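# Structural characterization, general
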Amino acid sequence: MHTYIKFTFIAFLMCIQIGIAQETEEDNLGTETVTVTKAYSPTVSDAFKIKSTPSINDSIELQKKPINYSIFSVPVASTFTPAKGKASKVEKLPPPVLYNSYASVGVGNYANATADFYTSRALNRDERLDIGLNHISSRGDLDGVVLSNIFSDSKLDASYSKRDRDLDWGADIALQHQLYNWYGLPSTVTDPTIINAIDERQNYYMGEAGAHINVEDAIFTNADFTYRRFWDAVKSGENRALFNAGVSFPVNDETIDVGFKADYVNGNFKNSDVNSQTNDEGIEYSNIQVSLNPSLTMLRDDLSLRLGVNLVYGINKDANTSESSFYIYPAITGSYRLLDENAIAYGGIVGELKQNSYYDFVEENPYVSPTLEIAPTDKQYNAYVGLKGQLLPNLSYNVKAFYSAENKKPLYKLNPTNDFREDEKGYYYGNSFEVFYDDIKTLGFFAELNVDVNRNFTFGVNAEFLKYYTETENPAWNLPNTKASLFLDYQIGKKWFTRANIFYVGEREDFSTTVISGVPQNEFTPNRITLDSFFDVNLQVGYRYTDQWSFFLKGANLVNSDYQNWANYPVQGIQILGGATYKFDF
């Protein structure tokens, strides 16, 4: 009972206390300021750790027995000897063996043969002597050709060069012999007596000597001189001397270049023009050109511009007349990088007085007659604009459009059949070519694509489309409107390689005539000839047997096209030629 009374009394006091507290809180609730007199500085108490050797308080405690031990040391003989460390060697590829000479020989059907020899010898540290010999010939007969069609071309080159600290100079000589036959008889010549009496062989001879000098870091930059003597088997002869020199000097941030050229050619032909009924007098010619070519070159970040002019004074002489003229030609070229190496725009307008020669005509067409008119070509201007660059790192392109104007441009056309002539050589049966000069304007477009798949494979293709406008309103004789070519070079492993070349030439025009007594040349009755377009496929396969020996097999005209390079001059069919090349030190 007392417990109950105490519990009741304590509960009553607690209720009163709670009520008083709530009333006081409601009456005095407000904002109070608490002042901290000491910053809080927490401390970390030491953690309780179990001792490694705890004290044991046990009524039963075992005493540790002391342990006494000793080491029995016995010496052991050792024969180990540490070796010194060595760095690992990196295997290097042996450097390629270089030889200063090579010789190559090949033979094939149509009795075709080739031979090449070249050597380059260092006489001392700064002097070098180079010698080269090239030969190609054929002695086979063509089906349907009644005259001999053999040919041969041999050339020997030798040059000496010396290089000093600020300049290099040298001299060179060349000798050449060519044998060709005027075998392109028209179908109208069928009399065996006439055919058997024709002497169709022609021999060309050339001797050349020259010298050059190039100077670094000087106003005078270069000079070269060349003299050439050219003659044939019918007492035609030609001399040509050519001198070039140049100076260059900076002006502010630009460069001014001045080129000087003197070009002299003179010669004579024993025989007169095939259009003439008689062969009473020969042909003489002499042409001199002196030119000055100042230009200003400006280079900017993406722009390259050359502003120049070509000033030429020319004198042309023949047996009866002499005339001189002064020419001013533009010489402006430039390029601009549109997209770094991906797209480069370029263009220009240039002109020149081109010196023509008997030797140059023979190099282009060996079947010309030794009765030519030699005159320079006034190339008034050639204006062009193009775009080139790289579409991909291994894919490059080049496209160009151009328009040119040329006065007295040489064209090859058939000589007439002249039954009145009795010259020593038989080139007047419509089986040789003359040079016909015409004023021509040409509109053209060119496109090229090259692919370098890797170091071992390259591929390229190009095409050119041309439109000619002649002053005489005749076709541009023997000039095609379309040309295209494709080449391929593939290295098959370390031993094998192959090369291919395919080219296409479009249709060309020519005409033949016959000399008629008492009728002017421009009234001869023409017979238009159309030369068909053609493809020519050439392929070469080679095998490198050793560093010194390699073997090759070449094929030409593999599609066996029956085409004509020139009117009445068919070419050989499928040609296969094999041979070997040997490299050595000489």
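Residues numbered from 1 in each chain as written. Predicted model: local features only at pLDDT ≥ 70, side-chain atom pairs only at ≥ 80, totals over all residues. Heavy atoms only, no water.

Along its length, the protein chain carries three helices and 26 strands. Out of the 586 residues belonging to the protein chain, those deemed buried represent 33%. Partitioning the intrachain contacts of the protein chain with sequence separation of at least 6 by distance along the chain shows that 59% fall at a separation of at least 24. (Helix = DSSP H or I, 4+ residues; strand = E, 2+ residues; numbered from the N terminus. Buried < 20%, exposed > 50% of the residue type's maximum accessible area, 1.4 Å probe, protein only. Contact = heavy atoms within 4.5 Å.)

With six bridges joining them, strand 22 (residues 534–544) and strand 23 (residues 549–556) adopt antiparallel strand pairing. In the sheet register, R544 faces strand 23, and the bridge partner there is S550. The pairing of strand 23 with strand 26 (residues 575–584) spans eight bridges and is antiparallel. Across the sheet, residue K554 finds its bridge partner in strand 26, namely L577. (Pairing = 2+ DSSP bridges.)

Let's shift gears to the environment of T525. Here T525 shows up in the loop between strand 20 (508–512) and strand 21 (527–531). Along the primary structure T525 and T513 are separated by twelve residues, whereas in three dimensions their C-alpha atoms are 5.9 Å apart. Those residues within four positions of T525 in sequence are excluded, and the remaining contacts are S512 and T513.

With that settled, consider the nonpolar core. Ranked by internal contacts, the top residues of the largest apolar core, which has 41 residues, are Y358, Y367, V368 and L372. Where this core is concerned, the elements lending two or more residues are strand 5 (167–181), strand 6 (201–215), strand 9 (254–269), strand 10 (283–299), helix 3 (358–364), strand 15 (395–414), strand 16 (433–454) and strand 21. Here L372 is in contact with F269, I283, Y358, F361, F433, E434 and V435, once residues within four sequence places are set aside. With ten residues, the next largest nonpolar core counts Y384, F402, I440 and F511 among its residues. (Core = buried A, V, L, I, M, F, W, Y, C linked by side-chain atoms within 4.5 Å.)

This next bit is on the pairing of strand 22. Strand direction decides the pairing type here: strand 19 (residues 496–505) and strand 22, joined by ten bridges, are antiparallel. Its bridge partner lying in strand 22, A500 is registered against L539. Linking strand 22 to strand 23, which pair antiparallel, is a turn of four residues.

With that settled, consider the pattern of salt bridges. Applying the stated criterion to the full structure yields 17 salt bridges. Among the ionic pairs, K425 bridges to D199, the shortest N-O distance being 3.0 Å. With K425 in the loop between strand 15 and strand 16 and D199 in the loop between helix 2 (192–197) and strand 6, this residue pair connects regions lying 226 residues apart in the sequence. Across the salt bridge formed by E509 and R528, the nearest N and O atoms sit 3.7 Å from each other. Of this pair, E509 sits in strand 20 while R528 sits in strand 21, placing them 19 residues apart in sequence. (Salt bridge = Lys/Arg side-chain N within 4 Å of Asp/Glu carboxyl O.)

A separate point is a nonpolar patch on the surface. Among the surface-exposed residues, Y490, I492, W496, L539, V541, L553, L558, I574 and I576 lie close enough to one another that they form a single nonpolar patch of about 720 Å² accessible area. Sorting the residues of the nonpolar patch by element identifies strand 18 (482–492) and strand 22 as the ones contributing at least two each. Relative to the assigned elements, W496 resides in strand 19. (Patch = residues over 30% accessible without salt bridge, like charges linked within 9 Å, V, L, I, M, F, W, Y side chains within 5 Å. Areas by Shrake-Rupley, 256 points an atom, 1.4 Å probe, with all protein chains shown as cover.)

Once that is clear, we can look at the confidence of the model for the protein chain. For the protein chain, the average pLDDT comes to 87, and 84% of its residues sit at 70 or higher. Element-level pLDDT for the protein chain is lowest in helix 1 (residues 2–28), with a mean of 49, against a maximum mean of 97 in helix 3. For the stretch residues 18–30, pLDDT sits under 50, and the model shows zero contacts to residues farther than four places along the chain or on other chains. (pLDDT = per-residue confidence, 0-100.)

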